[in-house]
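Architecture and fold: a report
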Amino acid sequence: MPKFRFVRKKNLQKKDDPGKWYASPTVTNRLNTGTVCRVVTRNTTTAPTELESGFNLVCDGIPLQLQLGNSVQLGKLGTLRLSFGSVGVEDVDQFNAATMIKNVKVIFTPSKELMSAIKDGLSFENVGVVDNGFTYASTRAYKEAKGQGGGSGSGSGGEGGEGGLEENPLG
C-alpha cells in the first residue's frame, strides 16, 4: 500500500497565507533489478538471470534510439522519449544547438494498461506529518504536539483526510 505524509506548502504569491496540507509520497523499499527479476519470474520457466540479461540488453539499446530521435515503446510498460529546452534567440541564424540546447532529459510515459493495473484497487496509508522539518509519526501525534487534540481517522483511502488535505484524484 502506498504511503504518504502530510506536508504544508505555501503559495509564494500569498505571503501571509499559512499554506495548505498536501499528501507527499514516501518510498517503502527500493527494489534493485535483480530483486525485480526474481519476483516477476517466480512462477515461470524463465530464470531471473535470463530476464535481467534481456533487460540489460534493452537498456543498452535505448540510448542510441533516443539519440536518433526515436521514441522507444517498452511493451505494456510505456514509452521513453527525449525532451529538452533551449536558450531563445532573436534570429534563427544565431542559434547554436551544441551550446544552446539545455536540460536534456528522458520522459517516461506509462502505458494505459500499466496505469490501469496500478490504479485498480489502489488505496493509501497516512504515515505522518512533516512540519518545519520535523516528522511526526501520525496525524494524531502532530495534533497532540500542536495542542489540537488527537484526531480520529487516518486520512487514507482518498477521503480527503485530516488537516485540510485537498482531494487529488489519480489521473
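Residues numbered from 1 in each chain as written. Predicted model: local features only at pLDDT ≥ 70, side-chain atom pairs only at ≥ 80, totals over all residues. Heavy atoms only, no water.

This brings us to the layout of surface pockets. In this structure, the second largest pocket encloses a volume near 310 Å³. In terms of lining, the second largest pocket is formed by Thr33, Val36, Cys37, Leu51, Gly54, Phe55, Val58, Cys59, Ile62, Leu74, Leu77 and Leu80. Breaking the lining of the second largest pocket down by element, the ones donating at least two residues are α1 (33-40) and α2 (48-67). The element contributing the most residues to the lining of the second largest pocket is α2, with 6 residues. Looking at the lining of the second largest pocket, its residues break down into 10 nonpolar, 2 polar and no charged. (1 Å grid on protein atoms, 1.4 Å probe; cavity = no way out; pocket = protein on both sides within 12 Å on 5 of 7 lines; lining within 4 Å. Points joined across faces, edges and corners; volume = space filled by probe spheres on them. Helix = DSSP H or I, 4+ residues; strand = E, 2+ residues; numbered from the N terminus. Nonpolar A, V, L, I, M, F, W, Y, C, P; charged D, E, K, R; others polar.)

With that settled, the discussion passes to α2. An ideal rise of 1.5 Å per residue puts 28 Å on 20 residues; α2 measures up with 30 Å between its terminal C-alpha atoms. Taken as a whole, α2 carries its principal kink of about 25 degrees at Gly61; the proline Pro63 stands between one and four residues after it. In the stretch just after α2, Gly69 is the one whose phi turns positive, near 90 degrees. (Expected span 1.5 Å × (residues − 1). Bend = angle between axes of the 7 residues up to and from the residue.)

A word on the pairing of strand β4 (residues 78-86). Bridge count between strand β3 (residues 72-73) and β4: 2 bridges; the pairing is antiparallel. Opposite Gln73, over in β4, you have Thr79 as the bridge partner. Judged from the 8 bridges that link them, β4 and strand β5 (residues 101-110) form a sheet pairing that is antiparallel. Residue pairing in the sheet places Gly85 in a bridge with Lys102 of β5. (Pairing = 2+ DSSP bridges.)

The next subject is the sheet that holds β3. Note: strands within a sheet are paired through backbone hydrogen bonds, in either parallel or antiparallel orientation. Judged by pairing direction, the sheet is antiparallel, and its 3 strands sit side by side in the order β3-β4-β5 without closing on themselves. Here the strands that pair on one side only, and so sit at the sheet edges, are β3 and β5. In the packing of α2 onto the sheet, the strands contacted are β3, β4 and β5, and the crossing angle to β4 comes to about 45 degrees. (Contact = heavy atoms within 4.5 Å. Axes fitted to C-alpha atoms, helices over the stretch in contact; angles between N-to-C directions.)

This brings us to the nonpolar core. Of all hydrophobic cores here, the largest spans 6 residues; its members are Phe4, Phe6, Trp21, Val129, Tyr136 and Tyr142. If sequence neighbours within four positions are ignored, Val129 has contacts with Phe6, Trp21, Phe134, Thr135, Tyr136, Ser138, Thr139 and Tyr142. (Core = buried A, V, L, I, M, F, W, Y, C linked by side-chain atoms within 4.5 Å. Buried < 20%, exposed > 50% of the residue type's maximum accessible area, 1.4 Å probe, protein only.)

Take the pattern of salt bridges next. As enumerated under the stated definition, the model contains 2 salt bridges in all. Where Glu125 meets Lys3, a salt bridge forms, and the shortest distance between an N and an O atom there is 3.0 Å. With Glu125 in strand β6 (residues 125-131) and Lys3 in strand β1 (residues 3-9), the pair connects residues that are 122 residues apart, well separated along the chain. Here Lys3 falls in the partly exposed class, since its relative accessible area comes to 24%. As a salt-bridge pair, Lys146 and Asp131 come within 3.2 Å of each other at their nearest N and O atoms. Taken together, the positions of Lys146 in the segment after α5 (139-145) and Asp131 in strand β6 put the pair 15 residues apart, joining distant regions of the chain. (Salt bridge = Lys/Arg side-chain N within 4 Å of Asp/Glu carboxyl O.)

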